[in-house]
Amino acid sequence: MPKTQNRAVMTWLFLFAFSVAFLVVWGGYTRLTRSGLSITEWNPISGALPPLSQQAWQDEFLKYQQTPEFIQVNSSMTLDEYKFIFFIEWFHRLLARLIGLIYAIPVFFFLFTKRIPWKEFGIYFFMGMLFITQAFAGWFMVASGLESRPAVSHYLLTVHLFLALTLLGSSFWTAIGHLRGFPQGRAKFSLPWKLAVASLILLLIQIAWGGFTAGLKAGHVSNTWPLMFGQLIPKGLLSAVQPWALNLVETPQTVAFVHRWFAFAVLVMALWAYFAAGKAQAEVQKSALVLVGLIVVQILFGISVVLFNVQIGIALFHQATAILLFLSTLYFIHAARRAEMVS
């Protein structure tokens, strides 16, 4: 990690992290409106502009009409309706291009003005490579929904999400370092720090199953809570496909069931971390309390998503809160690590 703090670099990193977070939420909106497969080609340069003539629109629509999504789901769609979903996906890709510039222009400026020392460039280079990888993963994800079925691979969707979270997390963590200092030396592995890391691991597992839930559209399998199909634990959760373990990642009702209830494991871990931080520094205690509060809010949003049958607005708040949870957990870990250095 870097050692040199700089306020201008910190401001840039927070802006970049916020931009990535917004891109993730817009990606969720793109998915919820079934707009992600509306553009059937990846043209990083020429694709920056939408169709500019009626013939160009007809050509784009014709390409979409050959996709499984149009044939199986949207066969009655008009050109005007297509334009709506096209612009949602086009804006998603335009945002990605703009955020690429938000990364590239400042990082080279800071590098050549020596506000970022060359010997500390590694983390910033990692962010750049991660951003490029994320772009390719996004296209592979889209391509998976253009071949035989009207949906992207839920595995590739989750990979795309986790690459975005890694980019968001690395930029946010480095920004905190510029703000609060970069902890150096070996960790003492205090109990609050261990539980903060454990909370992050459980949260990432929960987010992964959230990605599976989104990709499989498993949120639609049941609109009741806590019961699913009239039962607390529905029958056949592990017998729909063989071997049984595949049900955990392939069967929509099983994936949805895991995602519903694993959230409470995250909450229990966060509560444990909060009580363990009772004798720690005030900042560590407050970070743990914020984490617990956000998890409760997130669970309530998750239940609302189920009860209101995946209403778009609630689902987006659910996703945005997951991002806040991820960032607050990173801040908790950072605070616990800094507390170790002065204890």
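The rules behind these values
In this convention, every chain numbers its residues from 1, walking through the sequence in written order. This being a predicted model, a pLDDT of at least 70 is required before a residue's local features are given, and a value of 80 or more before pairs of side-chain atoms are given or counted; all residues contribute to the totals for chains, interfaces and linings. Side-chain numbers come from the whole structure's heavy atoms, not from hydrogens or water. Working definition: helices are DSSP H or I runs of at least four residues, strands are E runs of at least two. Numbering for both runs from the N terminus. For every residue, the accessible area (1.4 Å probe, protein chains only) is compared with the maximum for its type, and the residue is labelled buried under 20%, exposed over 50%, or partly exposed between those bounds. Side-chain atoms within 4.5 Å link the members of a nonpolar core, which is a set of buried Ala, Val, Leu, Ile, Met, Phe, Trp, Tyr and Cys residues. Only heavy atoms matter for contacts: two residues are in contact if any of them lie within 4.5 Å across the pair. Salt bridge, as used here: a side-chain nitrogen of Lys or Arg that lies within 4 Å of a carboxyl oxygen of Asp or Glu.

### Remarks on unusual backbone geometry
Glycine aside, the phi torsion of most residues is negative, and most peptide linkages are trans.
At step 1: A cis amide bond links Trp225 to the next residue, Pro226, at an omega of 5°.
At step 2: Cis rather than trans, the peptide bond between Gln242 and Pro243 has omega equal to -5°.
At step 3: Relative to the assigned elements, Pro243 resides in the loop between α7 (191-215) and α8 (247-250).
At step 4: One non-glycine residue, Lys114, lies in positive phi territory at about 65°.
At step 5: Looking at the secondary structure, you find Lys114 in the loop between α4 (79-112) and α5 (122-143).
At step 6: Classification of Lys114 as exposed rests on a relative accessible area of 67%.
At step 7: Phi angles above zero are rare outside glycine, and Phe229 is one such case at about 55°.
At step 8: When its relative accessible area of 47% is taken as the criterion, Phe229 is described as partly exposed.

### Section: the nonpolar core
At step 1: Counting residues in each nonpolar core, the largest one holds 70 residues, and the members touching the most others are Trp12, Phe16, Ile116, Tyr124, Leu168, Ile295 and Phe326.
At step 2: When contributions to this core are tallied by element, the ones reaching two or more residues are α1 (7-32), α4, α5, α6 (154-180), α7, α9 (252-276), α10 (282-307) and α11 (312-342).
At step 3: Among the elements that line this core, the one with the most residues is α11, at 13 residues.
At step 4: Excluding its chain neighbours within four sequence positions, the residues that come into contact with Ile116 are Val9, Trp12, Val107, Phe110, Leu111, Phe121 and Tyr124.

### A look at the side chain of Ser170
At step 1: Take Ser170: it is sitting in helix α6.
At step 2: Those residues in contact with Ser170, other than ones at most four positions away along the chain, are Ile123, Phe126 and Met127.

### Side note on the environment of Leu130
At step 1: Mapped onto the secondary structure, Leu130 falls in helix α5.
At step 2: Separated by 33 residues in sequence, Leu130 and Leu163 place their C-alpha atoms 7.1 Å apart.
At step 3: In this view, Leu130 contacts Leu163, Thr166 and Leu167; residues no more than four positions away in its chain are not counted.

### With respect to the pattern of salt bridges
At step 1: With the rule as written, the count across this model stands at 6 salt bridges.
At step 2: Here Arg180 ties to Glu283 by a salt bridge, and the two come within 3.1 Å at their closest N and O atoms. With Arg180 in helix α6 and Glu283 in helix α10, the pair connects residues that are 103 residues apart, well separated along the chain.
At step 3: The partly exposed category is assigned to Arg180, whose relative accessible area is 43%.
At step 4: The salt bridge partner of Glu283 is Arg338, with a shortest N-O separation of 2.4 Å.

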